[in-house]
Each structure stands twice: as C-alpha cells, then as structure tokens.
Amino acid sequence: MALEQIKMPQLGESVTEGTIEKWLVSPGDHVNKYDPLAEVNTDKVTAEIPSSFTGVIKELIAAEGDTLAVGEIVCTIETEGGGTEEAPAEKTSEQPKEESKSAPQQEQSKAAPAKAERPAGAGRFSPAVLKMAGEHGIDLSLVEGSGKEGRITRKDLQKIIDSGELPQAKEAPVAAPVEEAPKSTPAAQTTAAAPKQDIPTLPGDVEIPVTGIRKAIAANMLRSKHEAPHAWTMIEVDVTNLVQYRDSIKTEFKQKEGFNVTYFAFFVKAVAQALKEFPMMNSMWAGDKIIQKKDINISIAVATEDALYVPVIKHADEKTIKGIAREINELAGKVRAGKLKSDDMQGGTFTVNNTGSFGSVQSMGIINYPQAAILQVESIVKRPVIMDGGMIAARDMVNLCLSLDHRVLDGLVCGRFLARVKEILENMTKENTSVY
C-alpha cells in the first residue's frame, strides 16, 4: 500500500486559493480516480476537487471552512501498489504542520498554558488557521475546535473574532498584534472592524451565516470601492425601433432556435461594437500603467436568491446577436443549476448589468474589479417625448448608467462611448440589423 496526497488544484486562471465548503467523502471511503472528493468555493464559483488516485481515503487534512492555497494538501489517500511503509509517509506529511504550529505559538506566548487531554486532531492547524490566528493575535492553545477530532477551523476563529473576546496569552507580548491586521485581505478587515456585538439583536432577529460566495462578493466589492475612484454618468436612449424589431421576431426566433432573443442581447451587441471603436473603455488599472485589453470579453451579472455571479461572454464583438443570446441563456442556466465553472467567469474586460430586469430605472453600479467600467441597462419604459417639429409621441426609452474608474477613464471618452452606444441602439431596425 502507498499513501498519496491530494492537493488543492488550480481551478481556474489566476485562482490562488480555495475554501473547502463541503466534504463529499469520509476517512475509510473507497473512491475511484476522478471521483469528486469535496466542494470548493473559489472566486464566487463552487467547483469539485477530483481524486487523483483510486484507493481509500485515509485522512481529511483540511476541515470544512478552511481556505487553502493552490498546492496545499487537502487529504491523503491509501492506494494499492508501491511501498508498504505507511508511517514514514504520514510522518513526512504531518511533520511540517507540527513545526509550523509550534513557531507561531512560541511567538504568541512562551508561557501559554497547554490544555490537558486535547483531542487527537487539535494539534494540527491548516495554514489558513495559522495565518488568521497570527493576524488577530489568537493563542491557538486556548481555542476549542469544532472540527473533526477537535481540529480548529476558520469558522471557530471567525466566531471568536466576531465576539471580540480574543484568547491571548497574558504573560508575554504577541508577535502578531491586532494593529497589523491591515496586512490582511479587505474581507478580513471588514469583518474585524464590525464585530457582532456592535449590532444589537432583539427576539425574532435572524442571524444568517456568511457563505463563502457572499464573502467573495463582499471582498471584491470592497476592494473596488476602496481602490477605484468611482464616477458616474447616464444617457437616455430611444429604443422604440429596437423594441418593435425584437417583438416582431421573438416568437419565430424561439420556435426556430429553442431559446429567447432578449432585449439584453441587443444591448450587449451594441456595447461590444462600441468597445471596439473606443478601446480605452476596455482597459484596466495596473499601478504604474494602464493595460488596454485586446479581447472584448463582456461580463454579465446573473443573480440567484442569495448571490450574484458574473459569467463572461468571450469575444463578444465577434458574435452575432443570436450567438450572444445563446450564451446569455446558457450561462444563466448554468448559474441557476449550480453548474457554473471557474473558467466561465475568467477574463472579463467590461461588465454589462441588466438592472432593468428588476424594474430599476436608474442605478450606480460598483465596478467589477479590476475592470474600468460597468454599464447598467435600466428598464425600457414608455414615456411622452417631444419629437422633431414639436410633436409629442409615446416612445420606448431606456437609461444607460455608466460607472467608471476615474484613474483610467475621463468624461470625454466615456461621453463619446455612450453616445456611440446610443447611436447603435437607436438605429437597430429590421432593415439594417440582423440577429444572425
């Protein structure tokens, strides 16, 4: 028998870590190669870790709620063949954890009291737990773990941080004091800055645990607001011709293609065309330089009951309205079925959000970091409009609201971009626009 290690895989481009949301196996379970072992949350996507071997699960190294970097060990599996000496393999895999455990504890307190009869798993800490404890000066020897065999999880530490009562050694200074917390991620800063006891609760109030997806959304939105100086502008567009055109073909299109051609597909097409003409809008801030992206990959926002996902229509400028409509339908279906993959959300360069689907007529979106802008497409509403010659007519009008990163973009280029989107949309008619 041989003992092998299953490590956190890279589940997408630029993904550096993942959080174990749910284990699908237990020690002693027999699994085949490629069988799913755990559900992992990374960058707002839930994916599965596949087994690299056929064998029996030996030990779950990471607990549910633990965040591990790509390449870190999540579990061990006993496979057939190879050497028969299991102990050295276990010792090799566990020894670094013992060393990494002792060093932070010695730094935190050389006089920290040891707990008697601690559970077997309580002495092994994941890198995420060690990092979190160091950031907040928590003495892990004073923490009771709720994980398997008494292991301490990130949820245990988060609960302690939220309570405001951090177990710290009293006889020696802490090497990683709370003052160093700004080195942590924006999500960790936000959580630490707003402990639960600051918000009084009354009978009947409901505490809702923050999911990994919600934390990822919060971290990205907070980073965007903190780093990108937002500015906003809005333009009004007469889409009467577009509405008449789409309404005249929607029934036949659905019967022929099997999916709907929505107004949103026309808007995404217009934006993609305008981005090709105004490439500065398709840029990102990179500290000492601005990166103007070659590919036009449109991120679209798709909401569920408790989360917001932003899948990407890649090379949107090269697609027809039918092709865009198909991708919108497929990506939305993946989100609602829980089958969205990390790759589906990678590479976005500009975001278009269909806020009008909720009845909104004006909004100020938060930029999808690190992109430089997000366009909110509001509800199409009939309004009386003064036409050329002074006549008043009922027209289908829509507001397009643009949020921009003022480090990258200025009013001039954004104004010209919106004017071009407006021109394209107002000239989308049956005579000069094909969905194919």
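Note that the coordinates shown come from a computational prediction; the quantities given were computed from them, not determined experimentally.

S.K.: Can you help me understand the overall build of the chain in this one?
M.R.: Within the chain, the secondary structure is distributed over nine helices and 19 strands. A burial count over the chain gives 45% of its 436 residues as buried. Accessible surface computed for the chain: about 22500 Å², of which carbon and sulfur atoms make up 52%.

S.K.: What should I look at first to understand the sheet that holds strand E4 (residues 36-42) in this one?
M.R.: Within a beta sheet, neighbouring strands are joined by backbone hydrogen bonds and run either parallel or antiparallel to one another. Spatial ordering of the open sheet is given by E5-E4-E2-E7, a layout of four strands whose pairing is antiparallel. For this open sheet the edge positions go to strand E5 (45-50) and strand E7 (67-69), each flanked by a neighbour on one side alone. The sheet shows a mean angle of 40° between the axes of neighbouring strands, taken without regard to direction. Bridge analysis of strand E2 (residues 17-23) against E4 gives four bridges, and the strand direction is antiparallel. Residue lysine 22 lies in a different strand from E4, and its bridge partner there is glutamate 39.

S.K.: What's the story with the sheet that holds strand E1 (residues 2-7) in this structure? I'm lost.
M.R.: In space, the four strands of this open sheet follow the order E1-E8-E6-E3, with antiparallel pairing throughout. Taken across any chain shown, the strands that pair with only one partner, and hence form the sheet edges, are E1 and strand E3 (30-31). The sheet contact formed by strand E6 (residues 55-60) and strand E8 (residues 73-79) spans five bridges and is antiparallel. By the bridge assignment, leucine 60 is partnered in E8 with cysteine 75.

S.K.: For this particular structure, what's the right way to read the nonpolar core?
M.R.: Nonpolar side chains tend to gather and get buried jointly when the protein is soluble and globular. Core analysis: the largest hydrophobic core is formed by 62 residues, its most contacted members being Ile298, Phe350 and Leu425. When residues in this core are grouped by element, the largest group, 10 residues, is from helix H7 (residues 263-277). Those residues in contact with isoleucine 298, other than ones at most four positions away along the chain, are Val268, Val271, Leu275, Pro311, Val312, Ile313, Ala316, Phe350 and Val352. Membership of the second largest hydrophobic core comes to 19 residues, among which are Met8, Val40, Ile57 and Ala62.

S.K.: Sorry if this is basic, but what is going on with the packing of aromatic side chains here?
M.R.: Centre-to-centre distance and the angle between the planes together describe a pair of aromatic rings. On inspection of all chains with the given rule, the structure shows four aromatic pairs. Note on tyrosine 245 and phenylalanine 266: the rings are 5.9 Å apart at their centroids and 75° apart in plane angle, and the pair reads as edge-to-face. With tyrosine 245 in helix H6 (residues 240-257) and phenylalanine 266 in helix H7, the pair connects residues that are 21 residues apart, well separated along the chain. Across the pair, exposure class does not vary: tyrosine 245 and phenylalanine 266 are buried alike. Counting every residue linked through ring pairs, the aromatic cluster contains Phe253, Phe259 and Tyr436.

S.K.: Explanation requested: H7 in the structure shown.
M.R.: Because an α-helix completes one turn every 3.6 residues, residues spaced three or four positions apart along the sequence face the same direction. Across its 15 residues, H7 extends 22 Å between first and last C-alpha, which sits within 8% of the 21 Å expected from 1.5 Å per residue. Burial within H7 is extensive, with 11 of its 15 residues counted as buried. Where H7 is concerned, the buried positions are Phe264, Ala265, Phe266, Phe267, Val268, Lys269, Ala270, Val271, Ala272, Ala274 and Leu275.

S.K.: Sorry if this is basic, but what is going on with the side chain of asparagine 41 here?
M.R.: The topology assignment puts asparagine 41 in strand E4. A relative accessible area of 5% means that asparagine 41 is categorised as buried. Setting aside its immediate chain neighbours within four residues, asparagine 41 contacts Gly18, Thr19, Glu21, Thr46, Gly212 and Ile213.

Basis of the calculations
- Residues numbered from 1 in each chain as written.
- Predicted model: local features only at pLDDT ≥ 70, side-chain atom pairs only at ≥ 80, totals over all residues.
- Heavy atoms only, no water.
- Helix = DSSP H or I, 4+ residues; strand = E, 2+ residues; numbered from the N terminus.
- Buried < 20%, exposed > 50% of the residue type's maximum accessible area, 1.4 Å probe, protein only.
- Areas by Shrake-Rupley, 256 points an atom, 1.4 Å probe, with all protein chains shown as cover.
- Pairing = 2+ DSSP bridges.
- Axes fitted to C-alpha atoms, helices over the stretch in contact; angles between N-to-C directions.
- Core = buried A, V, L, I, M, F, W, Y, C linked by side-chain atoms within 4.5 Å.
- Contact = heavy atoms within 4.5 Å.
- Phe/Tyr/Trp six-rings, centres within 6.5 Å; stacked < 30°, edge-to-face > 60°.
- Expected span 1.5 Å × (residues − 1).

Bear in mind that shape data such as this cannot, by itself, settle questions of function.
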